[in-house]
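# Fold and geometry: a report
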Amino acid sequence: MNIHEYQAKDILRAQGVPIPPGEVATTPDQAEAIARTFNTAVVVKAQVHAGGRGKAGGVKLAKDPAEAKAVAAKILGMQIKGLTVHKVLVTPAEDIASEAYVGVILDRASKAPVFMVSRAGGIDIEEVAAKTPEKITKRRVDTRYGLQSFQAMELGFALYDDLKQARAAASIMQKLYAAFMSSGASLAEINPLVTTPNGDVVALDAKMVIDDNELDRRPEIAALRDDSGEAPSEVAARNANLTFIKLDGDVGCVVNGAGLAMATMDLVKYYGGHPANFLDIGGSSNPEKVVNALRIITADPNVKAILFNIFGGITRTDDVANGIVTATKANPLKVPIVIRLTGTNEDIAVKILKANGFSASADMDEAVKHAVALAKGGKAA
Amino acid sequence: MSIFIDNSTTVIVQGITGRDGSFHAKQMLEYGTRVVGGVTPGKGGQTFEKTVPIFNTMRDAVVATGANTSVVYVPPMYAADAIMEAADAGIKFIVAITEGVPVLDMTRVYPFVQEKGARLLGPNCPGLITPGQCKVGIIPGRICAPGDVGVVSRSGTLTYEIVYQLTRAGLGQSTCVGIGGDPINGTNFIDCLAAFEKDPHTKAVALMGEIGGTDEQQAAEFVKQHMTKPVVGFIAGQTAPPGRRMGHAGAIISGSSGTAAEKLAAFEAAGMGVAKRPIDFVDLIRARLK
């Protein structure tokens, strides 16, 4: 789960990371009022779950409250990577002497959190890693012992030659690590970490990504979810306990299991079609999930054909068949459907489907080809 | 022969009275797996299906039964503790089926299990099966057949799909292993490839990877350097958009890394067979067994 910059800053501030003040506005008038309280030039920053906000024009300097209102009016409602901006953070503009990068990620290869720091801050760290990896210092943290003081100091000296600044940075690393662990994060980033002209070390931006598996035991973090920028179909799917990702093709896919769901999308592409979505109904048998899945898929006007691909292991294919029948009785389909199912209770499932006017195939490749042809306007079988 | 499990494997089911644990414990018993005990705190002294003794703790279970393997069905927030409990009790092979284990928990569990000299498979995996001998986990037994193809995969139902197609084509399996879809797991592709290379009854290996991470690239490098047996690979998620978690926690393209294209290129560079569709495994494996 992504959280906003202002939320990540609140978490880091609570751990004691030095961060300039800031307030969130949802209207231009609010932005103006906040800017007035700071009585200095401010930065107005789009709060949206996308990178590259600056390049997209979502971060602007304003020298006075009137200008803050004007730029907020431009940024609010703007689209950044397909997401609508509903909130801006208004924060005093800082004078910057140097910019550095500090991040901690849950690294799958080292099976541990890994700190990455670089004096080349303020820019895309992936670019730095690809072009000049020698400019990045990494330290792996054993979570059984935590970030040790010597490690934090090594990271501090990797950023600053000045002892006072290295110590300040080391202290920030410790606090960042504490925030990372206590939030159940998979990424926590300060970019840039800056020095001011009088030598202070301050975090100007913050980003955190939370491991979805942590949310059940961290309700205070789960409460930070803001799905206003997400596709409504994805929000509806999550609320129905389905894993759904919208794509821009025209073959709606309903599959059990993530690997098979990806392989089904790939096969649609292989046979010249375009998948409209990723949708995993999961391993459990539950007709209700099928009903919800069909509701979400048929709401997409791009979908020209629906493809079910079910391999019944734990999932009972008769449950899926019942779900299809129930859903289509309540809301008759306007687009053709191709059903492939095999495995547990396949015979019963086929009987149920036939009795209700559906045909079913046991072969994955045949079903995918058929669905692709139907989406292109071919005849229903 | 086989890898990791065979008819001498003795299994304790952790969470044997839960919904998933009880269902799959029965399935394992029906398949012929030697389920010698179960653990549910507070139900020690009772029996499961009138034959399997239940214990309060893994230590009690191991002392009483001498089991060498356990399978974990406990809920995600307690799974880390259950895995460590098994390792601490002396279990040498721990199969964690549970999906949704916080990844930070695994950063503690993995080194703990290693220091105990145990192997962990999973979490978030379907387990494994040596057809005709033993299954530990949830892979449906009826889709498998004994034979000489080793199968290793990051997925569940996709594995079933491909194993089923192999079986229908007369290509039986030595062992089918699901390593799971989480970013940090106990056993990776290389561990399984090394075991298949050593197993005299495995003649070829089918490997099913997916987007995210670099496990497949490392597997390809291992194949190139150390494998004498043919390996055929597949990558799910060629049409997945970057930055989105495709169901599995680990199935995500981060920036430009972890794409299907780079993994497929690594397979080709290692001289592996590359299955473009699941069904392609049949012909590619058959050609390499001749």
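Residues numbered from 1 in each chain as written. Chains lettered and ligands numbered in written order. Predicted model: local features only at pLDDT ≥ 70, side-chain atom pairs only at ≥ 80, totals over all residues.

So, on to the interface of chain B and chain A. Across the contact, 44 residues belong to chain B and 42 residues belong to chain A. Broken down by secondary-structure element, the contributors of at least two residues to the side of chain B that touches chain A are helix H3 (76-88), helix H4 (103-115) and helix H5 (157-168) of chain B. For the side of chain B that touches chain A, the leading source of residues is H4(B), giving six residues. Here the side of chain B that touches chain A is composed, by residue class, of 22 nonpolar, 15 polar and seven charged. (Contact = placed C-beta atoms within 7 Å. Helix = DSSP H or I, 4+ residues; strand = E, 2+ residues; numbered from the N terminus. Nonpolar A, V, L, I, M, F, W, Y, C, P; charged D, E, K, R; others polar.)

Our next topic: the domain arrangement of chain B. Residues and elements named next belong to chain B. When the domains of chain B are assigned, the result is domain 1 (10-121) and domain 2 (139-289). Computed from C-alpha atoms alone, the centre-to-centre distance between domain 1 and domain 2 is 26 Å. At the interface, ten residues of domain 1 touch eight residues of domain 2. Elements represented by at least two residues in the side of domain 1 that touches domain 2 include exactly H4 and strand S7 (119-121). Sorting elements by how many residues they give to the side of domain 1 that touches domain 2 places H4 first, with five residues. Counted by class, the side of domain 1 that touches domain 2 contains eight nonpolar, one polar and one charged residues. (Domains from an automatic or database assignment.)

Here the focus is the sheet that holds strand S3 (residues 59-62) of chain A. All names here are of chain A. Taken together, four strands build an open sheet; the order of strands is S1-S6-S2-S3 and the sheet is antiparallel. Sheet topology places strand S1 (23-25) and S3 at the edges, where each strand pairs with a single neighbour. Going from strand to strand, the sheet's axes swing by 25° on average, the running direction of each strand aside. The pairing of S1 with strand S6 (residues 88-92) spans three bridges and is classified as antiparallel. (Pairing = 2+ DSSP bridges. Axes fitted to C-alpha atoms, helices over the stretch in contact; angles between N-to-C directions.)

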